[in-house]
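Descriptive structure summary
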Amino acid sequence: MNFNDIIQRVWPAVRKRHLFPELPTPEVIEAGDEAASIQMTDKVIQLNANRLAALAQVMDIEDATSALLDHGVGHHTVCPWDFETHLKLYAALKPVLLDGALVKQVVEYFSDVVVDTHAVRERESKLPEVYRHTESSEVTDVIRALYQRLWGENLGVEDRGEVDRLARIPYLDASQWGDSLRSFSQVIAPLIQKEMDDGNGQGGMMGDTQQYSAGELAEGMAQFAEQGFYAFREMVRDFADELQDANMMPDMGRGKGTPTDADLLFYMARASAFRLPVQTMPLEKVGGLHPHSHSPWEIGKPVQNIDVWTSFGRVMPGISQMWNWRDGETHGDGDGIPDCVVIVDSSGSMVDPCREISHAVLGAGCAADAYLRRGKRVAVYNFSDAQAGGKEVLDFSRDRKRVFFTLCRYFGGGTALHLPDLEPLLKNHVDIFLITDMQITNLDALMQFLIQKENRVTAVHVAQNRDAQRFRQRAADADHICVYAVERTEDIPDIVLSEVKTRFQAI
Amino acid sequence: MRQNPFREFDRIAPSDLTPESAVRVNGLLSAKRNPFTEFVENTRKKRALPMDEILASHTEAMDRLTAAYRTLIDECVGEGLWQADRKTIESTYRTASQIVGQIDWEMTDLEAFCAHALQSNDAAFFVMEPLGLFLSAFCNASSQSDIHLDLTGHDLRLSLMGYRLRKDITLTIVGDLGDLTGISLMGGCLKVEGNVRHYLGAGMIDGRIEVSGDAGRSIGEQMQAGEIHINGRLGGVGNTEGGAIYHRDHKIRGKKTK
């Protein structure tokens, strides 16, 4: 029996029933997870050949294929729909159950119930026939008994007491999914926990069907990052496999002061939610020479410069007038944004970004993102006591992971900049973004250094103190330095990068 | 005057809406053909499932219980504040018992009602203190001897649960509870799989209270008889008149074990 041919026959009808979801043609896989009827890779629904063959013994194979596809498609079109919704469901249950693996399994079963009920109710699915021949287990029997009650079909299982509570849940009301999931878990979680303890948990009625694109994962994580630092860290731990499969884990190494993958992902995800504006500056010199004034033409001077109108058509030394040319002063339309050097303070007075949310790292990440998003390169100078080796320098790069990795490093200890380190980075009139609490040993030298430079400087202080006040006063006279204060996450969107008096900077 | 761009489709008879009638002009569908025909064909009635009746019945039960609770609030709270003093508790419980006797309810509705009350934005539930008494009245009116309520997943802690729990009833509550849990217990067995706040089992007449988690101050204040067992941390024991209080296996108040 060629299952691929059957899929080719059935798939158009399934697509039509589900209002033409944007999914590639499903496939049949011979190997894979034995317990799963359906798996997904890169949005391709993969049906288990062994399971199809088993179903072919007891029901029409086209109906079986169609039903399994209904289930797979439903996860894309109904529940969870995308990773963001999946994480919302996870977040609704995580504080209650705490165990990430258990939460994921409960969410899996819940979304299965939603999808199957939706398919039976609104898509004329043959799923009841499939569930008549599903292998028995403690959890699947309760779910099948629930289906029996909800759908009014005999699925060949005994009624269960738990169903009284499960049947009252409004599965198809997406606005109540959070509360519904909690009610669902009160009944199902202990049963799943028991199966997991026995090593029998299969993760859903049809196996694991959650497969998201990298874009969905990034979008979902950006939204979830608003839940907070610790919740995000837990989420990354719980979804490590999924993120690893999608190549989302930074995996940048370990060591003292090195951020964990979860911390990096948090700052990357959180920063992507902010879109800081960057002031453009003229980068293109146009106009060249233009005729400015007249002077008498003499022999030896270029004939082509003679202004025939004021010379009355004659070429005579002392009488003919020639144009004097001068440089143009216009800048043209070629406004743009230069590269940026992000200088971030990671001394002991700053918050360790791996222990709690660091506004300095988040702010620096947002600034770096603003330049990277515009195709510019970012260099990072992360310092504490730089002269004693407490520093990490990343040369200009467009690699977002490396930029954030360098930003998230935490050194602790004293605070002193080694200004000669910055010189090689500040060529070509790049922008400077400095974020610190301003409690820097050589702050005066730094101020003098920045005032002397012509680069546009955005300085952000994350604390209100005397040094920050001093920096503000000194910077007030320099029209190429603007200073912001960030004390809360909400202050970050107010930053306008390089909002200084724009000057002509030809590069 | 601007024309409705979809007006042309109004002229198309339903019989034209078939794939066979599609006329292609330069590879595109002609104006005669509604490009959304396939979706029109796909419009099918939703299958009626028993689920709809179950949900309708559930909604009706919740509405009925909500209305009953609103009546209790109107009668016992009115426009003022509800304070948990002895007189108010007794009168509120009396009213709750009367209301419970007047409505149709099933024990299976009760847990769903707890969740509904704790999640609802209904103004009736803005005053939560009498809810524990309301639920206690249901438990005492129940014909079931073993009642199980799961209140996990909610931030609010219900107070006054298990008030006057009568003999022969075992009430098991999963989740954290508030103040005055199990007060005036009348021989029933109250099991709490979670933490409770202050005045646990205050004034209990007889029975047994088991708390798997922590308990706050004044445990067993003025209790006359019965046993209180606490497995977690203790805030402090109150002035008892009888009975016994145990912390894990260690008796911390009372003369002899019943």
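Further up the page is the structure itself.
Residues numbered from 1 in each chain as written. Chains lettered and ligands numbered in written order. Predicted model: local features only at pLDDT ≥ 70, side-chain atom pairs only at ≥ 80, totals over all residues. Heavy atoms only, no water.

So, on to the overall build of chain B. Of regular secondary structure, chain B possesses six helices and nine strands. Taken across its 258 residues, chain B has 44% of its residues classed as buried. Looking at chain B alone, contacts between residues at least 24 apart form 34% of all its contacts between residues at least 6 apart. Carbon and sulfur atoms make up 47% of the accessible area of chain B, which totals about 14100 Å². (Helix = DSSP H or I, 4+ residues; strand = E, 2+ residues; numbered from the N terminus. Buried < 20%, exposed > 50% of the residue type's maximum accessible area, 1.4 Å probe, protein only. Contact = heavy atoms within 4.5 Å. Areas by Shrake-Rupley, 256 points an atom, 1.4 Å probe, with all protein chains shown as cover.)

Take the overall build of chain A next. Check the secondary structure of chain A and you find 17 helices and 13 strands. Out of the 507 residues belonging to chain A, those deemed buried represent 55%. Of the contacts made within chain A by residues no fewer than 6 positions apart, 72% connect residues no fewer than 24 positions apart. Carbon and sulfur atoms provide 47% of the accessible area of chain A, an area that totals close to 21900 Å².

Next up on the list: the packing of aromatic side chains. Describing an aromatic ring pair means giving the distance of the ring centres and the angle of the ring planes. Residue and element names in this part refer to chain B. What the rule picks out here adds up to 24 aromatic pairs over all chains. Judged by centre distance (4.9 Å) and plane angle (70°), the ring pair of Tyr-93 and Tyr-163 falls under edge-to-face. Here Tyr-163 lies in the loop between strand 3 (146-150) and strand 4 (170-174) and Tyr-93 lies in helix 4 (residues 86-102), a separation of 70 residues in the sequence. Judged by relative accessible area, Tyr-93 falls into the buried class, the value being 9%. (Phe/Tyr/Trp six-rings, centres within 6.5 Å; stacked < 30°, edge-to-face > 60°.)

Before going further, it helps to spend a moment on the interface of chain B and chain A. Across the boundary between the two partners, chain B contributes 24 residues, which contact 24 residues of chain A. Approximately 2400 Å² of surface area, both sides summed, lies buried where chain B meets chain A, with 51% of it carried by carbon and sulfur atoms. One can count four salt bridges joining chain B with chain A. One salt bridge in this structure joins Arg47(B) and Glu153(A), with 2.7 Å as the shortest N-O distance. For the pair chain B and chain A, the number of links is 10 residue pairs in polar contact (both at pLDDT 80 or more). (Buried area = accessible area lost by both parts, 1.4 Å probe. Salt bridge = Lys/Arg side-chain N within 4 Å of Asp/Glu carboxyl O. Polar contact = N/O pair within 3.5 Å; in protein donor to acceptor, adjacent residues only side chain to side chain.)

Moving on, we get to the sheet that holds strand 4 of chain B. Residues and elements named next belong to chain B. The strand order across the open sheet formed by seven strands is 3-4-5-6-7-8-9, and the pairing between neighbours is mixed. Of all the strands in the sheet, just strand 3 and strand 9 (250-253) have a single pairing partner and so form its edges. Averaged over all pairs of adjacent strands, the angle between their axes in this sheet comes to 15°, without regard to strand direction. Here strand 7 (residues 227-230) runs beside strand 8 (residues 244-247); their pairing, made up of four bridges, is parallel. Each bridged residue has a counterpart across the sheet, and for His-229 the counterpart in strand 8 is Tyr-246. (Pairing = 2+ DSSP bridges. Axes fitted to C-alpha atoms, helices over the stretch in contact; angles between N-to-C directions.)

All names here are of chain A. Listing the buried residues of helix 2 (residues 49-56) in full gives Ala-49, Arg-51, Leu-52 and Leu-55. The buried residues of helix 2 all sit within an arc of 160° when viewed along its axis, so they share a single face. Here helix 2 starts with a cap whose side-chain oxygen sits 2.9 Å from the backbone nitrogen of Asn-50, and that cap is Asn-48. (Arc of directions from axis to C-beta.)

Further remarks concern the state of the cysteines. All chains considered together, the criterion is met by zero disulfides over all chains. Not part of a disulfide, Cys114(B) finds its nearest cysteine sulfur in Cys139(B), a span of 8.0 Å. (Disulfide = S-S within 2.5 Å.)

Here the focus is the side chain of Ser180(A). Residue and element names in this part refer to chain A. Tracing the sequence through the fold places Ser-180 in helix 9 (residues 177-197). On the basis of relative accessible area, Ser-180 is assigned to the buried category, the value being 4%. In contact with Ser-180, not counting residues within four places along its chain, are Phe-110, Ile-169 and Pro-170.

With that settled, the discussion passes to the pattern of salt bridges. All names here are of chain A. One pass over the structure, following the stated rule, counts 38 salt bridges over all chains. Asp-352 serves as the salt-bridge partner of Arg-355, at 3.7 Å between the closest nitrogen and oxygen. On the basis of relative accessibility, which here comes to 61%, the residue Arg-355 falls in the exposed class. When salt bridges with common partners are traced through the structure, they connect Lys-94, Glu-234, Arg-237 and Asp-238 into a single cluster.

Residues and elements named next belong to chain B. For the pair helix 3 (residues 50-76) and helix 5 (residues 107-119), the least separation of the axes is 10 Å and the interaxial angle reads 70°. Between helix 3 and helix 5, the angle falls in the class roughly perpendicular. The chirality of how helix 3 crosses helix 5 is right-handed. Across the interface between the two elements, His-58, Ala-61, Met-62, Arg-64, Leu-65, Thr-66 and Tyr-69 of helix 3 pack against Asp-109, Ala-112, Phe-113 and His-116 of helix 5. Its residues assigned to classes, the contact of helix 3 with helix 5 shows six nonpolar, three polar and two charged. (Parallel < 35°, antiparallel > 145°, perpendicular 65-115°, else oblique. Left-handed = near helix turned anticlockwise from the far one by under 90°. Nonpolar A, V, L, I, M, F, W, Y, C, P; charged D, E, K, R; others polar.)

This next bit is on the nonpolar core. If you look at soluble globular proteins, the nonpolar side chains tend to sit buried side by side. Counting residues in hydrophobic clusters, the biggest one holds 130 residues, and the most contacted among them are Tyr171(A), Phe184(A) and Phe232(A). In this structure, Phe232(A) is in contact with Met221(A), Phe224(A), Ala225(A), Ala262(A), Leu265(A), Phe266(A) and Ala269(A), ignoring residues within four places of it in sequence. By size, the runner-up hydrophobic cluster in this structure holds 61 residues, among which are Ile147(B), Leu165(B), Leu171(B) and Ile183(B). (Core = buried A, V, L, I, M, F, W, Y, C linked by side-chain atoms within 4.5 Å.)

This part covers helix 7 (residues 138-151) of chain A. Residue and element names in this part refer to chain A. An ideal rise of 1.5 Å per residue puts 20 Å on 14 residues; helix 7 measures up with 20 Å between its terminal C-alpha atoms. Along helix 7, 12 of the 14 residues are buried, which leaves the element largely enclosed by surrounding structure. Val-139, Thr-140, Asp-141, Val-142, Ile-143, Arg-144, Ala-145, Leu-146, Tyr-147, Gln-148, Leu-150 and Trp-151 are the residues of helix 7 that are buried. Downstream of helix 7 by a residue or two, Gly-152 has a phi angle that is positive, lying close to 70°. (Expected span 1.5 Å × (residues − 1).)

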